[in-house]
Amino acid sequence: MNDKNKLPEMKTRSVFLPVAVLVLTVVTFCEKPEPNVVQPETQGKTINNLPDEDTSITVIVYPVLPLDSVTGNDLPLHLNPDLVYGSIADIEGNIYRIIQIGNQIWMAENLRTTTFNDGSKISGFSWPDYKISYKETYGAFYDHYTVNTGKLCPTGWHVPTDEEWKEMEMALGMSRASADTSYGDFDVYGSGERGTDQGARLKSSTGWFPWEGLLVKGNNSSGFSALPAGDNDGGTIGCCTTFWCSGEEWGRTLSSTDSKIGRAVYYAEYKLSVRCVKD
């Protein structure tokens, strides 16, 4: 793969290729020239006139919706207006939109609770860029010890396993062979990303920002509505997002420069985003 299409990833526990993290500031994004915008189905073709909302980082606070099905103009901008979402609440009263993907029902927003579902307080969490003002937009980050308590998600929900993530990816058209691939398998899959356009189908169509002049747009056809929260191992807000799996320390990464999905093992101390799936 052309080097400009590769986003610097977090350090992983892969024995094949540790990758250094490059951290850019918000000012760096703002000083970049007009980026090329690439639609997932036509990567390599330049589309000009990037929408304003994708060229500068702003904190978006979305209104809370009632606990019923919502769609169309009632939805926040990063959700898919052509799909119908339900809602659930966590123990603190935080409300999350939910969406069915294949045979599973997923949160369409990142978890942001600071309380376990048994009422005890969580210590292994932090906010994106260590700012609570990002809570509503990007949710919280959790370490893997917290993920594996089994008490993080609302009652009746859980943090998905690696295999449950694969089930969702295959429902979006990824092959089993590709789903089983990780960042280490470079001889077979080149850069280590997996699938074809499944990452674009998970990414919101707004809110993502260019990296080194390149932006691969998401279409959010799945309704998963991923926003680029970064991570607390140095991933920059606006360029990427990584989600924990439960069980072993697998994670999933989406980047602003690719339409695929990364899969790797991370250190348990890393704080990453979490989505919950219905039991």
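All of the points below concern the structure found in this document. (Residues numbered from 1 in each chain as written. Predicted model: local features only at pLDDT ≥ 70, side-chain atom pairs only at ≥ 80, totals over all residues. Heavy atoms only, no water.)

Details of the overall build of the protein
1) Next: Helix and strand content of the protein: seven helices and 12 strands.
2) Next: For the protein, the proportion of its 279 residues judged to be buried stands at 56%.
3) Next: Within the protein, contacts between residues at least 6 apart in sequence are counted, and of these 62% link residues at least 24 apart. (Helix = DSSP H or I, 4+ residues; strand = E, 2+ residues; numbered from the N terminus. Buried < 20%, exposed > 50% of the residue type's maximum accessible area, 1.4 Å probe, protein only. Contact = heavy atoms within 4.5 Å.)

Focus: the sheet that holds strand 9 (residues 240–244)
1) Next: If you trace the three strands from one edge of the open sheet to the other, you get 9-10-11, paired in antiparallel fashion. One side of each edge strand has no neighbouring strand; the edge strands of this open sheet are strand 9 and strand 11 (262–265). Across the sheet, the mean angle from the axis of one strand to that of its neighbour is 25°, orientation sign disregarded.
2) Next: The pairing of strand 9 with strand 10 (residues 250–255) spans five bridges and is classified as antiparallel. Considered in strand 10, the bridge of Trp244 is made with Gly251.
3) Next: The sheet contacts of helix 4 (residues 162–171) involve strand 9, strand 10 and strand 11, and relative to strand 10 the element is tilted by about 40°. (Pairing = 2+ DSSP bridges. Axes fitted to C-alpha atoms, helices over the stretch in contact; angles between N-to-C directions.)

Digging into the pairing of strand 3 (residues 95–101)
1) Next: Taken across its seven residues, strand 3 has six buried, putting it largely inside the fold.
2) Next: The pairing of strand 2 (residues 86–89) with strand 3 spans four bridges and is antiparallel. Across the sheet, the residue bridging to Ala89 is Ile95, located in strand 3.
3) Next: The antiparallel hairpin formed by strand 2 and strand 3 contains five residues in its connecting segment, where Gly93 sits at a positive phi of about 90°.

Quick notes on the packing of aromatic side chains
Any two aromatic rings considered together are summarised by their centre-to-centre distance and by the angle between their planes.
1) Next: Applying the stated criterion across every chain yields a total of 10 aromatic pairs.
2) Next: Pairing Phe125 with Trp127 gives two aromatic rings, centres 5.4 Å apart and planes at 75°, and the pair type is edge-to-face.
3) Next: Among the residues examined, Trp127 registers a relative accessible area of 12% and is labelled buried.
4) Next: Aromatic ring contacts, followed pair by pair, group Trp106, Trp165, Phe224 and Phe243 into a single cluster. (Phe/Tyr/Trp six-rings, centres within 6.5 Å; stacked < 30°, edge-to-face > 60°.)

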